[in-house]
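A look at the structure
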Amino acid sequence: MSILQIELSELEKAIIHSDKLASNVSSSNIAWHIDHSLKVIHNVSMVIIASDPSKYKWRFNKWRFIIFLKGSFPRGKVKAPKHVRPPEIIKLEDLKSQLKEVHKNLTDIEKLSSKSHFEHPIFGQLHLKKTIRFLELHTTHHIKIINDILKAL
């Protein structure tokens, strides 16, 4: 089982706590963090699946190097882009549906060329392995926030 699949299981287990909020940890509830994480995985998966591996070109990126080496994202430094922000009302059925779709996406991206890629606004072009690493770090970041919300209650 991959790290991302394990993380998806953790997100799925957190669904029962969806409405929980600890404003001293995050201004958003657990459902927001789950929905956002799933939207990021889905959208990035769609982009990397549609990418043209022949157009991948490696370039050094200082922020990618630092964050990937550190293995975590700092909290509260970057706002989620509009297209991966959850709606005002997050339905449990939508979370479960997104989970199924994301599981399928992960199966699909495993079959891609190593030069399939995703363009991140801060980290630049990420090939398949780095894209998966980004998704792992991003999902871990939100799982930590979810766990901190639960601890704070």
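Everything that follows concerns the structure shown earlier in this document.
Parameters at a glance
- Residues numbered from 1 in each chain as written.
- Predicted model: local features only at pLDDT ≥ 70, side-chain atom pairs only at ≥ 80, totals over all residues.
- Heavy atoms only, no water.
- Helix = DSSP H or I, 4+ residues; strand = E, 2+ residues; numbered from the N terminus.
- Rg over C-alpha atoms; globule rule 2.2 N^0.38 Å.
- Buried < 20%, exposed > 50% of the residue type's maximum accessible area, 1.4 Å probe, protein only.
- Contact = heavy atoms within 4.5 Å.
- Lys, Arg positive; Asp, Glu negative; His and termini not counted.
- Charge placed at Lys NZ, Arg CZ, Asp CG, Glu CD.
- Core = buried A, V, L, I, M, F, W, Y, C linked by side-chain atoms within 4.5 Å.
- Patch = residues over 30% accessible without salt bridge, like charges linked within 9 Å, V, L, I, M, F, W, Y side chains within 5 Å.
- Areas by Shrake-Rupley, 256 points an atom, 1.4 Å probe, with all protein chains shown as cover.
- Salt bridge = Lys/Arg side-chain N within 4 Å of Asp/Glu carboxyl O.
- Pairing = 2+ DSSP bridges.
- Axes fitted to C-alpha atoms, helices over the stretch in contact; angles between N-to-C directions.
- Parallel < 35°, antiparallel > 145°, perpendicular 65-115°, else oblique.
- Left-handed = near helix turned anticlockwise from the far one by under 90°.
- Nonpolar A, V, L, I, M, F, W, Y, C, P; charged D, E, K, R; others polar.
- 1 Å grid on protein atoms, 1.4 Å probe; cavity = no way out; pocket = protein on both sides within 12 Å on 5 of 7 lines; lining within 4 Å.
- Points joined across faces, edges and corners; volume = space filled by probe spheres on them.

**Some details on the overall build of the chain**
- The number of helices and strands found in the chain is 5 helices and 2 strands.
- Starting at the N terminus and walking to the C terminus, you meet the elements of the chain as α-α-α-α-β-β-α.
- Against the 2.2 N^0.38 benchmark of 15 Å for 153 residues, the chain shows a C-alpha radius of gyration of 15 Å, consistent with a compact globule.
- Dimensions of the chain, computed from C-alpha atoms along their principal axes, come out at roughly 50 × 30 × 30 Å.
- Relative to its full complement of 153 residues, the chain shows a buried share of 44%.
- Contacts spanning at least 24 positions in sequence make up 81% of the contacts within the chain whose residues lie at least 6 apart.
- Computed over 25 positive and 15 negative side-chain charges, the inter-centroid distance for the chain is 8 Å.

**Here's the deal with the nonpolar core**
- Within the largest apolar cluster, 35 residues are counted, with the highest numbers of intra-cluster contacts made by Leu 8, Ile 34 and Phe 134.
- Among the secondary structure elements, those contributing two or more residues to this core are helix 1 (3-14), helix 2 (30-50), helix 3 (62-70), helix 4 (92-109) and helix 5 (128-152).
- No other element matches the 8 residues that helix 5 contributes to this core.
- Setting aside residues no more than four positions away along its own chain, Phe 134 makes contact with Val 40, Val 44, Phe 68, Phe 73, Phe 118, His 120, Phe 123 and Leu 126.

**Brief notes about a nonpolar patch on the surface**
- A contiguous nonpolar surface patch, about 920 Å² in accessible area, is contributed by Trp 58, Phe 60, Trp 63, Phe 65, Ile 66, Leu 69, Val 78 and Ile 122.
- On the secondary structure map, Phe 60 appears in the loop between helix 2 and helix 3.

**Focus: the environment of Ser 23**
- Residue placement: Ser 23 occurs in the loop between helix 1 and helix 2.
- Overall, the relative accessible area of 65% leaves Ser 23 in the exposed class.
- When the C-alpha positions of Ser 23 and Ile 90 are compared, they lie 18 Å apart, and in sequence the two are 67 residues distant.

**Quick word on the pairing of strand 1 (residues 117-120)**
- Bridge count for strand 1 against strand 2 (residues 124-127) is 4 bridges, and the pairing is antiparallel. In the sheet register, Glu 119 faces strand 2, and the bridge partner there is Gln 125.
- Hairpin connection of strand 1 to strand 2: 3 residues between the antiparallel strands.

**So, the packing of helix 1 against helix 2**
- Following both chains from N to C, one finds helix 1 and helix 2 inclined at 150°, their axes separated by 10 Å at the closest point. By the angle between their axes, helix 1 is roughly antiparallel relative to helix 2. By crossing handedness, the relation of helix 1 to helix 2 is classed as left-handed. Contact with helix 1, carried on its side by Leu 4, Leu 8, Leu 11 and Ala 14, involves Ile 30, Ile 34, Ser 37, Leu 38 and Ile 41 of helix 2 and no other residues of that element.
- The class makeup of the residues in the contact of helix 1 with helix 2 is 8 nonpolar, 1 polar and no charged.

**Digging into the layout of surface pockets**
- Estimated volume of the largest pocket: approximately 1,100 Å³.
- Looking at the largest pocket, it is lined by 36 residues, and the ones nearest its centre are His 36, Val 78, Lys 79, Ala 80 and His 138.
- Listing elements by their share of the lining of the largest pocket, those giving two or more residues are helix 2, helix 3, strand 1 and helix 5.
- Tallying contributions element by element places helix 2 first for the lining of the largest pocket, with 7 residues.
- Partitioned by chemical class, the residues of the lining of the largest pocket number 19 nonpolar, 12 polar and 5 charged.
- Space inside the second largest pocket adds up to approximately 160 Å³.
- The wall of the second largest pocket is formed by Ser 28, Asn 29, Ala 31, Trp 32, Pro 86, Pro 87, Glu 88, Ile 89 and Ile 90.
- Looking at the lining of the second largest pocket residue by residue, the class counts come to 6 nonpolar, 2 polar and 1 charged.

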